[in-house]
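# Notes for the structure review
Residue-level listing of the chains:
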Amino acid sequence: MSLSLQSFLASIRSGDRPPLPMPLRALWLDARGDWAGAHKCVDMRQDKDSCWVHAYLHRKEGDLWNARYWYARAGRPPREGPLEEEWREIAAALLADAA
């Protein structure tokens, strides 16, 4: 799969979801306002990318204790900046890895 961040964002705006690995699907659903659907995509997955998205989702939810647990599982430091910046950082990194 080769998808740029701009193409990914365009698919979110259009609602036409391309085939995506689960962590990116979770970010896609979250950006479309489906936090619960996004959480289901990564809830039972143990890979580092899914754990990173899982951490972000719990931080967005306001469950910082749970978010810190998932950041540790992902091997990432906990974040405190704007959620939008973290979402873009994760999306860009996962898209680059999937290319």
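Presented here is an overview of the structure given in this document. (Residues numbered from 1 in each chain as written. Predicted model: local features only at pLDDT ≥ 70, side-chain atom pairs only at ≥ 80, totals over all residues. Heavy atoms only, no water.)

## Digging into helix H6 (residues 83-98)
- Here H6 spans 22 Å end to end across 16 residues, near enough to the 22 Å set by a 1.5 Å rise per residue.
- Among the residues making up H6, those that are buried are Glu86, Trp87, Ile90, Ala91, Leu94 and Leu95. For H6, the angular spread of buried residues about the axis comes to 155°, placing them on one side.
- In this structure, the buried residues of H6 make contact with helix H1 (5-14), helix H2 (22-31), helix H4 (48-61) and helix H5 (64-74). (Helix = DSSP H or I, 4+ residues; strand = E, 2+ residues; numbered from the N terminus. Expected span 1.5 Å × (residues − 1). Buried < 20%, exposed > 50% of the residue type's maximum accessible area, 1.4 Å probe, protein only. Arc of directions from axis to C-beta. Contact = heavy atoms within 4.5 Å.)

## A word on the nonpolar core
- Judged by nonpolar contacts, the single largest core of 29 residues is most densely connected at Phe8, Leu24, Leu27, Val53, Trp87 and Ile90.
- Only H1, H2, helix H3 (35-42), H4, H5 and H6 provide two or more residues apiece to this core.
- Per-element tally for this core: the top contributor is H4, with 6 residues.
- Other than its neighbours up to four places away in sequence, isoleucine 90 contacts Leu27, Trp52, Val53 and Tyr56. (Core = buried A, V, L, I, M, F, W, Y, C linked by side-chain atoms within 4.5 Å.)

## Points about the packing of aromatic side chains
- Overall, the coordinates contain 2 aromatic pairs when judged by the stated rule.
- Plain terms: the ring middles of phenylalanine 8 and tryptophan 87 are 5.8 Å apart, the flat faces sit at 15° to each other, and that makes the pair stacked. Of the two residues, phenylalanine 8 is situated in helix H1 and tryptophan 87 in helix H6; the sequence distance between them amounts to 79 residues.
- Above the ring of tryptophan 28, the side-chain terminus of arginine 17 is found at 5.7 Å from the ring centroid.
- Above the ring of tryptophan 52, the side-chain terminus of arginine 76 is found at 3.6 Å from the ring centroid. (Phe/Tyr/Trp six-rings, centres within 6.5 Å; stacked < 30°, edge-to-face > 60°. Lys NZ or Arg CZ within 6 Å of the ring centre and 35° of its normal.)

## Let's talk about H4
- Relative to the 20 Å expected for 14 residues at 1.5 Å per residue, H4 spans 20 Å between its end C-alpha atoms, a close match to the ideal helical length.
- Here H4 lies mainly inside the structure; 10 of its 14 residues are buried.
- Among the residues of H4, those classed as buried are Ser50, Cys51, Trp52, Val53, His54, Ala55, Tyr56, Leu57, His58 and Arg59.
- Contacts from the buried residues of H4 go to H2, H3, H5 and H6.
- After H4 finishes, the residue glycine 62 shows a positive phi value of roughly 95°.

## Quick word on the pattern of salt bridges
- This structure, assessed with the given rule, holds 4 salt bridges.
- Across the pair lysine 60 and aspartate 30 runs a salt bridge, and its minimum N-O distance is 2.8 Å. In this pair, lysine 60 is assigned in helix H4 and aspartate 30 in helix H2, connecting sequence segments 30 residues apart.
- The exposure class of lysine 60 is partly exposed, given its relative accessible area of 37%.
- Using a relative accessible area of 4% as the deciding quantity, one classes aspartate 30 as buried.
- The partner of arginine 59 in a salt bridge is glutamate 86, and the shortest N-O contact between them spans 2.9 Å. Taken together, the positions of arginine 59 in helix H4 and glutamate 86 in helix H6 put the pair 27 residues apart, joining distant regions of the chain. Of the two residues, arginine 59 and glutamate 86, neither departs from the other in class, the shared state being buried. (Salt bridge = Lys/Arg side-chain N within 4 Å of Asp/Glu carboxyl O.)

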